[in-house]
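These are the residues of each chain, in order.
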Amino acid sequence: MGAGAGMLKNRRLARVLADAALTEIRRQLSYKCPWHGAVLVEAPPFDPNSKRCSRCGAVKPSLPLSQRVFRCEECGLVLDRDENAARNLAALVAAVAGSGPETENARGRDGRPAARQAIPEEAGSRHRRMAG
């Protein structure tokens, strides 16, 4: 067992390490997205994306984590809790970036998915030029 594996047995320490890793990913995305013409969209910290109905927008007053199925009393939607949250986050991204140039990059001007293109060698070595 490696030294890092022992630290993960402590639940509080494991949570702190996981949070630090996510913070690092966000930090890297925030400076790398502009290099490629992308926009990083972050949900507000206390956005009720799990408790909001992805169909009608009604928000439940509470939704315990043990309840894995989302049921909307307003419109009758029944959906896996995580899929409902994912749909709400996708709607947030569509609302923020739906008509910007980053969407054109992903879809192409005709609305169809764009073919993946190789990144020019210059773009990949940008950080080396800046660092050295």
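Here, the structure is the one placed above.
The structure contained in this document is the topic of the report that follows. (Residues numbered from 1 in each chain as written. Predicted model: local features only at pLDDT ≥ 70, side-chain atom pairs only at ≥ 80, totals over all residues. Heavy atoms only, no water.)

## Brief notes about a nonpolar patch on the surface
Here is step 1 of the chain: The grouping of L22, I25, L29 and L40 at the surface amounts to a nonpolar patch, some 340 Å² of accessible area in total.
Here is step 2 of the chain: Looking at where L29 falls in the secondary structure, it is placed in helix α2 (residues 11–32). (Patch = residues over 30% accessible without salt bridge, like charges linked within 9 Å, V, L, I, M, F, W, Y side chains within 5 Å. Areas by Shrake-Rupley, 256 points an atom, 1.4 Å probe, with all protein chains shown as cover. Salt bridge = Lys/Arg side-chain N within 4 Å of Asp/Glu carboxyl O. Helix = DSSP H or I, 4+ residues; strand = E, 2+ residues; numbered from the N terminus.)

## Here we look at the nonpolar core
Here is step 1 of the chain: Ranked by size, the top nonpolar core spans 6 residues in total: C53, L63, F70, C72, L77 and L79.
Here is step 2 of the chain: L79 has contacts with S54, V69, F70, N84 and R87, leaving out every residue within four places of it along the chain. (Core = buried A, V, L, I, M, F, W, Y, C linked by side-chain atoms within 4.5 Å. Buried < 20%, exposed > 50% of the residue type's maximum accessible area, 1.4 Å probe, protein only. Contact = heavy atoms within 4.5 Å.)

## A look at the pattern of salt bridges
Here is step 1 of the chain: Counting across every chain of the model gives 6 salt bridges.
Here is step 2 of the chain: E24 is the partner of R27 in a salt bridge, and the nearest nitrogen-oxygen pair spans 2.7 Å. In this pair, R27 and E24 are both assigned in helix α2, 3 residues apart and thus about one turn of the helix distant.
Here is step 3 of the chain: Note on R27: relative accessible area 43%, which makes it partly exposed.
Here is step 4 of the chain: Residue classification places E24 among the partly exposed residues on the basis of a relative accessible area of 32%.
Here is step 5 of the chain: For R68, the salt bridge is made with D82, and the minimal N-O distance between the two is 2.9 Å.

## Examining the side chain of K60
Here is step 1 of the chain: Position of K60 among the secondary structure elements: in the loop between α2 and β1 (69–71).
Here is step 2 of the chain: For K60, a relative accessible area of 10% gives the class buried.
Here is step 3 of the chain: Reaching out from K60, the side chain makes a polar contact with the backbone oxygen of R71 at a distance of 2.8 Å.
Here is step 4 of the chain: Setting aside its immediate chain neighbours within four residues, K60 contacts K51, F70, R71 and E73. (Polar contact = N/O pair within 3.5 Å; in protein donor to acceptor, adjacent residues only side chain to side chain.)

## Here's the deal with the packing of aromatic side chains
Here is step 1 of the chain: Taken as a whole and judged by the stated rule, the model has 1 aromatic pair.
Here is step 2 of the chain: Judged by centre distance (5.6 Å) and plane angle (70°), the rings of Y31 and W35 are edge-to-face.
Here is step 3 of the chain: Take Y31: its relative accessible area is 33%, and that puts it in the partly exposed class.
Here is step 4 of the chain: On the basis of relative accessible area, W35 is assigned to the partly exposed category, the value being 25%.
Here is step 5 of the chain: For the cation-ring pair, K60 lies above F70, with the distance from its terminal atom to the ring centre recorded as 5.5 Å. (Phe/Tyr/Trp six-rings, centres within 6.5 Å; stacked < 30°, edge-to-face > 60°. Lys NZ or Arg CZ within 6 Å of the ring centre and 35° of its normal.)

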